[in-house]
Protein chains: 2
Amino acid sequence: MQTTSSADNCKGVETLRLEFIEKIGLISKGGELTQIAGRVFGLLVWEGVPMAFGDIACQLKISRGSASSATRSLEDRRLIKRVAIHGERQDFFQLSDSPYSGMIERVAARMDAAQKDIFSTAAQMPDSHNETKARIEAYGRFYKSLSKALTGAIQDID
Amino acid sequence: MQTTSSADNCKGVETLRLEFIEKIGLISKGGELTQIAGRVFGLLVWEGVPMAFGDIACQLKISRGSASSATRSLEDRRLIKRVAIHGERQDFFQLSDSPYSGMIERVAARMDAAQKDIFSTAAQMPDSHNETKARIEAYGRFYKSLSKALTGAIQDID
DNA sequence: TACTTTGTTCAGTTTGGACTGAACAAAGTA
DNA sequence: TACTTTGTTCAGTCCAAACTGAACAAAGTA
(Lines give C-alpha, C1' and ligand atoms only; values in the text may rest on other atoms or scores of the structure.)
Protein backbone atom coordinates (compact mmCIF):
# COMPACT_ATOMS: atom_id res chain seq x y z
CA MET A 1 0.00 0.00 0.00
CA GLN A 2 1.43 3.33 -1.00
CA THR A 3 0.83 6.67 0.65
CA THR A 4 -1.22 9.27 -1.19
CA SER A 5 -0.47 12.96 -1.55
CA SER A 6 -2.63 15.95 -2.39
CA ALA A 7 -1.14 16.29 -5.86
CA ASP A 8 -0.17 13.18 -7.82
CA ASN A 9 3.49 14.09 -7.79
CA CYS A 10 4.66 11.09 -5.85
CA LYS A 11 3.43 7.86 -7.40
CA GLY A 12 4.69 4.46 -6.45
CA VAL A 13 7.59 3.25 -8.54
CA GLU A 14 5.57 0.31 -9.82
CA THR A 15 2.82 2.63 -11.06
CA LEU A 16 5.45 4.78 -12.69
CA ARG A 17 6.89 1.72 -14.38
CA LEU A 18 3.57 0.57 -15.81
CA GLU A 19 2.73 4.07 -16.99
CA PHE A 20 6.12 4.40 -18.65
CA ILE A 21 5.73 1.12 -20.50
CA GLU A 22 2.30 2.07 -21.83
CA LYS A 23 3.57 5.53 -22.72
CA ILE A 24 6.35 4.12 -24.87
CA GLY A 25 3.86 1.73 -26.44
CA LEU A 26 1.71 4.62 -27.60
CA ILE A 27 4.61 6.77 -28.77
CA SER A 28 6.00 3.85 -30.74
CA LYS A 29 2.67 3.03 -32.32
CA GLY A 30 2.74 6.47 -33.93
CA GLY A 31 6.10 5.70 -35.49
CA GLU A 32 7.90 2.71 -36.90
CA LEU A 33 6.99 0.11 -34.31
CA THR A 34 3.87 -1.68 -33.19
CA GLN A 35 2.43 -0.89 -29.78
CA ILE A 36 3.55 -4.23 -28.39
CA ALA A 37 7.09 -3.79 -29.67
CA GLY A 38 7.12 -0.38 -28.05
CA ARG A 39 6.00 -1.83 -24.74
CA VAL A 40 8.72 -4.48 -24.89
CA PHE A 41 11.27 -1.77 -25.61
CA GLY A 42 9.98 0.36 -22.75
CA LEU A 43 10.22 -2.58 -20.41
CA LEU A 44 13.83 -3.24 -21.40
CA VAL A 45 14.75 0.43 -21.12
CA TRP A 46 13.37 0.41 -17.61
CA GLU A 47 14.99 -2.84 -16.53
CA GLY A 48 18.40 -2.42 -18.10
CA VAL A 49 19.39 -5.99 -17.30
CA PRO A 50 18.65 -8.99 -19.56
CA MET A 51 15.08 -10.32 -19.31
CA ALA A 52 13.84 -13.80 -20.16
CA PHE A 53 11.59 -14.26 -23.16
CA GLY A 54 8.93 -15.88 -20.99
CA ASP A 55 9.02 -13.09 -18.41
CA ILE A 56 8.55 -10.47 -21.09
CA ALA A 57 5.47 -12.21 -22.45
CA CYS A 58 4.11 -12.85 -18.97
CA GLN A 59 4.67 -9.37 -17.52
CA LEU A 60 3.20 -7.61 -20.53
CA LYS A 61 0.36 -10.15 -20.75
CA ILE A 62 0.96 -10.85 -24.42
CA SER A 63 1.00 -14.16 -26.29
CA ARG A 64 4.30 -15.85 -26.97
CA GLY A 65 3.61 -15.30 -30.67
CA SER A 66 3.48 -11.56 -30.14
CA ALA A 67 6.55 -11.66 -27.92
CA SER A 68 8.41 -13.49 -30.64
CA SER A 69 7.58 -11.06 -33.43
CA ALA A 70 8.10 -8.01 -31.21
CA THR A 71 11.52 -9.12 -29.99
CA ARG A 72 12.53 -10.08 -33.52
CA SER A 73 11.45 -6.73 -34.88
CA LEU A 74 13.38 -4.87 -32.17
CA GLU A 75 16.37 -7.12 -32.74
CA ASP A 76 16.32 -6.41 -36.50
CA ARG A 77 16.40 -2.70 -35.76
CA ARG A 78 19.29 -3.19 -33.28
CA LEU A 79 17.25 -1.61 -30.50
CA ILE A 80 17.68 -4.69 -28.34
CA LYS A 81 19.97 -7.69 -28.41
CA ARG A 82 19.42 -11.35 -27.70
CA VAL A 83 21.86 -12.72 -25.15
CA ALA A 84 22.53 -16.20 -23.80
CA ILE A 85 22.84 -16.66 -20.08
CA HIS A 86 24.93 -19.43 -18.60
CA GLY A 87 22.83 -22.40 -17.57
CA GLU A 88 19.57 -20.86 -18.81
CA ARG A 89 17.61 -22.34 -21.66
CA GLN A 90 15.43 -19.34 -22.34
CA ASP A 91 16.50 -16.51 -24.63
CA PHE A 92 17.26 -13.28 -22.82
CA PHE A 93 16.95 -9.78 -24.20
CA GLN A 94 18.41 -6.48 -23.19
CA LEU A 95 18.80 -2.94 -24.46
CA SER A 96 21.51 -2.57 -27.12
CA ASP A 97 24.62 -0.58 -26.32
CA SER A 98 23.75 2.05 -28.92
CA PRO A 99 20.08 1.54 -29.53
CA TYR A 100 19.03 4.68 -31.31
CA SER A 101 21.39 5.28 -34.19
CA GLY A 102 20.10 2.32 -36.17
CA MET A 103 16.56 3.53 -35.81
CA ILE A 104 17.45 6.91 -37.31
CA GLU A 105 19.49 5.31 -40.07
CA ARG A 106 16.44 3.33 -41.03
CA VAL A 107 14.21 6.38 -41.30
CA ALA A 108 16.92 8.31 -43.12
CA ALA A 109 17.21 5.45 -45.58
CA ARG A 110 13.51 5.63 -46.31
CA MET A 111 13.73 9.36 -46.95
CA ASP A 112 16.64 8.70 -49.24
CA ALA A 113 14.72 6.08 -51.17
CA ALA A 114 11.83 8.51 -51.61
CA GLN A 115 14.21 11.17 -52.83
CA LYS A 116 15.77 8.85 -55.40
CA ASP A 117 12.36 7.67 -56.52
CA ILE A 118 11.22 11.24 -57.09
CA PHE A 119 14.36 12.35 -58.88
CA SER A 120 14.07 9.35 -61.17
CA THR A 121 10.78 10.75 -62.41
CA ALA A 122 12.31 14.21 -62.79
CA ALA A 123 15.18 12.78 -64.81
CA GLN A 124 12.75 11.34 -67.34
CA MET A 125 10.91 14.60 -67.92
CA PRO A 126 11.25 16.08 -71.42
CA ASP A 127 12.45 19.67 -71.80
CA SER A 128 8.94 20.75 -72.73
CA HIS A 129 7.95 20.37 -69.07
CA ASN A 130 10.58 22.50 -67.38
CA GLU A 131 8.37 23.95 -64.68
CA THR A 132 6.83 20.65 -63.68
CA LYS A 133 10.32 19.19 -63.53
CA ALA A 134 11.45 22.03 -61.27
CA ARG A 135 8.55 21.44 -58.88
CA ILE A 136 9.27 17.73 -58.73
CA GLU A 137 12.92 18.39 -58.02
CA ALA A 138 12.01 20.79 -55.23
CA TYR A 139 9.90 18.03 -53.74
CA GLY A 140 12.81 15.61 -54.04
CA ARG A 141 15.10 18.08 -52.30
CA PHE A 142 12.68 18.11 -49.39
CA TYR A 143 13.29 14.42 -48.75
CA LYS A 144 16.99 14.91 -49.30
CA SER A 145 17.07 17.59 -46.60
CA LEU A 146 15.25 15.29 -44.22
CA SER A 147 17.63 12.44 -44.89
CA LYS A 148 20.61 14.73 -44.37
CA ALA A 149 19.27 16.20 -41.15
CA LEU A 150 18.56 12.77 -39.73
CA THR A 151 21.94 11.42 -40.71
CA GLY A 152 23.53 14.41 -39.02
CA ALA A 153 21.58 13.70 -35.84
CA ILE A 154 23.16 10.27 -35.50
CA GLN A 155 26.36 11.80 -34.10
CA ASP A 156 24.46 13.53 -31.31
CA ILE A 157 23.08 10.41 -29.74
CA ASP A 158 24.07 7.12 -28.08
CA MET B 1 -0.38 6.92 -79.47
CA GLN B 2 3.16 7.06 -78.25
CA THR B 3 6.23 5.58 -79.90
CA THR B 4 8.02 2.70 -78.22
CA SER B 5 11.72 2.34 -77.62
CA SER B 6 13.93 -0.64 -76.93
CA ALA B 7 14.59 0.40 -73.35
CA ASP B 8 11.86 1.95 -71.25
CA ASN B 9 13.79 5.18 -70.87
CA CYS B 10 11.40 7.30 -72.88
CA LYS B 11 7.87 6.93 -71.60
CA GLY B 12 5.03 9.14 -72.68
CA VAL B 13 4.50 12.15 -70.46
CA GLU B 14 1.02 10.99 -69.50
CA THR B 15 2.39 7.62 -68.32
CA LEU B 16 5.06 9.46 -66.37
CA ARG B 17 2.39 11.63 -64.79
CA LEU B 18 0.26 8.71 -63.67
CA GLU B 19 3.28 6.86 -62.34
CA PHE B 20 4.40 9.92 -60.42
CA ILE B 21 1.01 10.38 -58.82
CA GLU B 22 0.86 6.76 -57.66
CA LYS B 23 4.45 6.96 -56.47
CA ILE B 24 3.70 9.92 -54.23
CA GLY B 25 0.59 8.14 -53.00
CA LEU B 26 2.66 5.21 -51.81
CA ILE B 27 5.45 7.32 -50.31
CA SER B 28 2.86 9.37 -48.43
CA LYS B 29 1.03 6.34 -47.14
CA GLY B 30 4.23 5.36 -45.32
CA GLY B 31 4.27 8.71 -43.56
CA GLU B 32 1.79 11.20 -42.20
CA LEU B 33 -0.73 11.21 -45.03
CA THR B 34 -3.22 8.78 -46.49
CA GLN B 35 -2.59 7.33 -49.92
CA ILE B 36 -5.37 9.43 -51.45
CA ALA B 37 -4.06 12.64 -49.89
CA GLY B 38 -0.64 11.77 -51.30
CA ARG B 39 -2.08 11.27 -54.77
CA VAL B 40 -3.87 14.61 -54.60
CA PHE B 41 -0.64 16.26 -53.53
CA GLY B 42 1.28 14.56 -56.33
CA LEU B 43 -1.28 15.73 -58.84
CA LEU B 44 -0.99 19.33 -57.64
CA VAL B 45 2.81 19.18 -57.62
CA TRP B 46 2.69 18.04 -61.21
CA GLU B 47 0.13 20.57 -62.40
CA GLY B 48 1.34 23.64 -60.54
CA VAL B 49 -1.75 25.64 -61.53
CA PRO B 50 -5.01 25.66 -59.53
CA MET B 51 -7.24 22.64 -60.11
CA ALA B 52 -10.99 22.41 -59.61
CA PHE B 53 -12.30 20.21 -56.80
CA GLY B 54 -14.40 18.22 -59.24
CA ASP B 55 -11.50 17.65 -61.62
CA ILE B 56 -9.33 16.33 -58.80
CA ALA B 57 -11.97 13.79 -57.77
CA CYS B 58 -12.65 12.83 -61.36
CA GLN B 59 -9.06 12.48 -62.55
CA LEU B 60 -8.04 10.42 -59.52
CA LYS B 61 -11.26 8.40 -59.67
CA ILE B 62 -12.09 9.00 -56.02
CA SER B 63 -15.39 9.89 -54.36
CA ARG B 64 -16.16 13.51 -53.56
CA GLY B 65 -16.12 12.53 -49.91
CA SER B 66 -12.53 11.35 -50.19
CA ALA B 67 -11.60 14.42 -52.20
CA SER B 68 -13.06 16.61 -49.48
CA SER B 69 -11.19 14.99 -46.61
CA ALA B 70 -7.94 14.74 -48.58
CA THR B 71 -7.95 18.38 -49.63
CA ARG B 72 -8.88 19.46 -46.12
CA SER B 73 -6.08 17.41 -44.62
CA LEU B 74 -3.55 18.85 -47.06
CA GLU B 75 -4.91 22.32 -46.42
CA ASP B 76 -4.56 21.89 -42.66
CA ARG B 77 -0.93 20.96 -43.14
CA ARG B 78 -0.39 23.97 -45.42
CA LEU B 79 0.79 21.71 -48.24
CA ILE B 80 -1.86 23.11 -50.57
CA LYS B 81 -4.11 26.15 -50.52
CA ARG B 82 -7.70 26.70 -51.53
CA VAL B 83 -8.13 29.55 -54.00
CA ALA B 84 -11.16 31.23 -55.52
CA ILE B 85 -11.21 31.83 -59.23
CA HIS B 86 -13.16 34.69 -60.76
CA GLY B 87 -16.49 33.55 -62.11
CA GLU B 88 -16.03 29.94 -61.03
CA ARG B 89 -18.22 28.33 -58.40
CA GLN B 90 -16.01 25.35 -57.66
CA ASP B 91 -13.19 25.50 -55.14
CA PHE B 92 -9.75 25.40 -56.66
CA PHE B 93 -6.59 24.03 -55.08
CA GLN B 94 -2.94 24.56 -55.76
CA LEU B 95 0.45 23.87 -54.22
CA SER B 96 1.34 26.23 -51.37
CA ASP B 97 4.18 28.69 -51.82
CA SER B 98 6.22 27.00 -49.11
CA PRO B 99 4.66 23.57 -48.79
CA TYR B 100 7.23 21.60 -46.87
CA SER B 101 8.22 23.54 -43.78
CA GLY B 102 4.88 23.04 -42.09
CA MET B 103 5.10 19.32 -42.61
CA ILE B 104 8.46 19.14 -40.85
CA GLU B 105 7.29 21.38 -38.05
CA ARG B 106 4.48 18.96 -37.42
CA VAL B 107 6.77 15.96 -37.14
CA ALA B 108 9.24 17.92 -35.01
CA ALA B 109 6.40 18.86 -32.69
CA ARG B 110 5.51 15.21 -32.23
CA MET B 111 9.11 14.33 -31.37
CA ASP B 112 9.11 17.18 -28.90
CA ALA B 113 5.93 15.95 -27.26
CA ALA B 114 7.44 12.47 -26.92
CA GLN B 115 10.57 13.94 -25.39
CA LYS B 116 8.58 15.92 -22.83
CA ASP B 117 6.44 12.91 -22.03
CA ILE B 118 9.50 10.78 -21.37
CA PHE B 119 11.31 13.37 -19.28
CA SER B 120 8.21 13.78 -17.18
CA THR B 121 8.55 10.15 -16.13
CA ALA B 122 12.25 10.63 -15.46
CA ALA B 123 11.53 13.63 -13.27
CA GLN B 124 9.31 11.56 -11.00
CA MET B 125 11.89 8.84 -10.42
CA PRO B 126 13.15 8.54 -6.84
CA ASP B 127 16.89 8.63 -6.21
CA SER B 128 16.88 4.93 -5.51
CA HIS B 129 16.52 4.31 -9.25
CA ASN B 130 19.40 6.33 -10.62
CA GLU B 131 20.37 3.97 -13.40
CA THR B 132 16.84 3.49 -14.68
CA LYS B 133 16.42 7.25 -14.62
CA ALA B 134 19.60 7.70 -16.65
CA ARG B 135 18.41 5.22 -19.29
CA ILE B 136 15.07 6.97 -19.56
CA GLU B 137 16.75 10.33 -19.94
CA ALA B 138 18.99 8.97 -22.68
CA TYR B 139 15.87 7.80 -24.47
CA GLY B 140 14.33 11.26 -24.06
CA ARG B 141 17.46 12.87 -25.49
CA PHE B 142 17.02 10.72 -28.57
CA TYR B 143 13.69 12.39 -29.35
CA LYS B 144 15.14 15.76 -28.49
CA SER B 145 17.92 15.26 -31.04
CA LEU B 146 15.39 14.30 -33.67
CA SER B 147 13.26 17.33 -32.96
CA LYS B 148 16.30 19.58 -33.12
CA ALA B 149 17.60 18.08 -36.36
CA LEU B 150 14.21 18.42 -38.03
CA THR B 151 13.77 21.99 -36.86
CA GLY B 152 17.19 22.76 -38.26
CA ALA B 153 16.23 21.28 -41.61
CA ILE B 154 13.39 23.78 -42.04
CA GLN B 155 15.83 26.47 -43.13
CA ASP B 156 17.20 24.34 -45.95
CA ILE B 157 13.97 23.95 -47.80
CA ASP B 158 11.21 25.92 -49.60
C1' DT C 1 -40.02 30.54 -55.87
C1' DA C 2 -38.03 25.97 -57.60
C1' DC C 3 -33.93 23.91 -59.49
C1' DT C 4 -28.88 23.15 -59.92
C1' DT C 5 -24.31 22.98 -58.36
C1' DT C 6 -21.39 22.87 -54.96
C1' DG C 7 -18.47 20.85 -50.54
C1' DT C 8 -19.24 18.47 -46.20
C1' DT C 9 -20.88 14.96 -43.15
C1' DC C 10 -21.77 10.51 -41.63
C1' DA C 11 -23.30 5.70 -41.61
C1' DG C 12 -21.86 1.66 -43.68
C1' DT C 13 -18.34 -1.24 -46.04
C1' DT C 14 -13.91 -2.74 -46.88
C1' DT C 15 -9.21 -3.69 -45.99
C1' DG C 16 -4.78 -4.23 -43.92
C1' DG C 17 -2.28 -5.13 -40.11
C1' DA C 18 -1.92 -6.38 -35.15
C1' DC C 19 -2.64 -9.91 -32.13
C1' DT C 20 -3.87 -14.64 -30.39
C1' DG C 21 -3.24 -19.34 -29.67
C1' DA C 22 -2.68 -23.94 -31.35
C1' DA C 23 0.49 -26.71 -33.91
C1' DC C 24 5.10 -27.34 -34.70
C1' DA C 25 10.28 -28.29 -34.69
C1' DA C 26 14.41 -28.17 -32.15
C1' DA C 27 16.93 -29.06 -28.24
C1' DG C 28 17.44 -30.31 -23.42
C1' DT C 29 16.40 -33.73 -19.63
C1' DA C 30 15.43 -38.05 -17.37
C1' DT D 1 13.51 -43.70 -25.79
C1' DA D 2 9.67 -40.57 -24.00
C1' DC D 3 8.76 -36.17 -21.93
C1' DT D 4 9.50 -31.15 -21.13
C1' DT D 5 10.77 -26.63 -22.35
C1' DT D 6 11.69 -23.61 -25.55
C1' DG D 7 10.88 -19.94 -29.80
C1' DT D 8 8.66 -19.71 -34.31
C1' DT D 9 5.04 -20.10 -37.64
C1' DC D 10 0.64 -19.59 -39.43
C1' DA D 11 -4.39 -19.69 -39.81
C1' DG D 12 -7.93 -17.25 -37.84
C1' DT D 13 -9.94 -13.20 -35.26
C1' DC D 14 -10.35 -8.57 -34.37
C1' DC D 15 -10.10 -3.67 -34.80
C1' DA D 16 -9.03 0.83 -36.41
C1' DA D 17 -8.66 3.60 -40.19
C1' DA D 18 -9.53 4.49 -45.20
C1' DC D 19 -12.81 4.97 -48.44
C1' DT D 20 -17.50 5.22 -50.60
C1' DG D 21 -21.77 7.20 -51.61
C1' DA D 22 -26.14 8.95 -50.26
C1' DA D 23 -28.17 12.65 -47.64
C1' DC D 24 -27.56 17.19 -46.56
C1' DA D 25 -27.02 22.42 -46.24
C1' DA D 26 -25.53 26.47 -48.46
C1' DA D 27 -25.33 29.33 -52.20
C1' DG D 28 -25.93 30.39 -57.05
C1' DT D 29 -29.22 30.57 -61.15
C1' DA D 30 -33.41 31.05 -63.76
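The structure under discussion appears in the preceding block.
Residues numbered from 1 in each chain as written. Chains lettered and ligands numbered in written order. Predicted model: local features only at pLDDT ≥ 70, side-chain atom pairs only at ≥ 80, totals over all residues. Heavy atoms only, no water.

Novice: Would you explain the relation of the copies chain B and chain A in this entry?
Specialist: Copies of the same chain, two in number, are related to each other by a rotation about an axis and a translation along it. Superposing chain B onto chain A takes a rotation of 180° plus a shift of 0.0 Å along the axis, which leaves an RMSD of 0.1 Å. The transformation relating the two chain copies, once decomposed into turn and shift, fits a two-fold axis. Of the C-alpha atoms belonging to chain B, the one lying closest to the rotation axis is found on B:Ala149, 2.8 Å away. Most of the interface of chain B is mirrored in chain A, where 98% of its interface residues are also at the interface. (Least-squares fit on C-alpha atoms with pLDDT ≥ 70 in both. Contact = heavy atoms within 4.5 Å.)

Novice: Which parts of the structure should I look at to understand the interface of chain B and chain A?
Specialist: The figure often quoted for interface size is the accessible area lost as the parts come together. Each partner contributes to the interface: chain B provides 44 residues, whereas chain A provides 43 residues. Buried area between chain B and chain A, summed over both chains or domains, comes out near 3700 Å², and the portion from carbon and sulfur atoms is 71%. Broken down residue by residue, the surface that chain B buries against chain A is led by B:Arg135, B:Tyr139 and B:Phe142, which jointly contribute 16%. Where chain B meets chain A, there are 2 salt bridges. Along the contact surface separating chain B from chain A lie 15 residue pairs in polar contact (both at pLDDT 80 or more). Broken down by secondary-structure element, the contributors of at least two residues to the side of chain B that touches chain A are α1 (13–29), α2 (35–47), α5 (100–123) and α6 (130–153) of chain B. The greatest single-element share of the side of chain B that touches chain A, amounting to 13 residues, is contributed by α6(B). (Buried area = accessible area lost by both parts, 1.4 Å probe. Salt bridge = Lys/Arg side-chain N within 4 Å of Asp/Glu carboxyl O. Polar contact = N/O pair within 3.5 Å; in protein donor to acceptor, adjacent residues only side chain to side chain. Helix = DSSP H or I, 4+ residues; strand = E, 2+ residues; numbered from the N terminus.)

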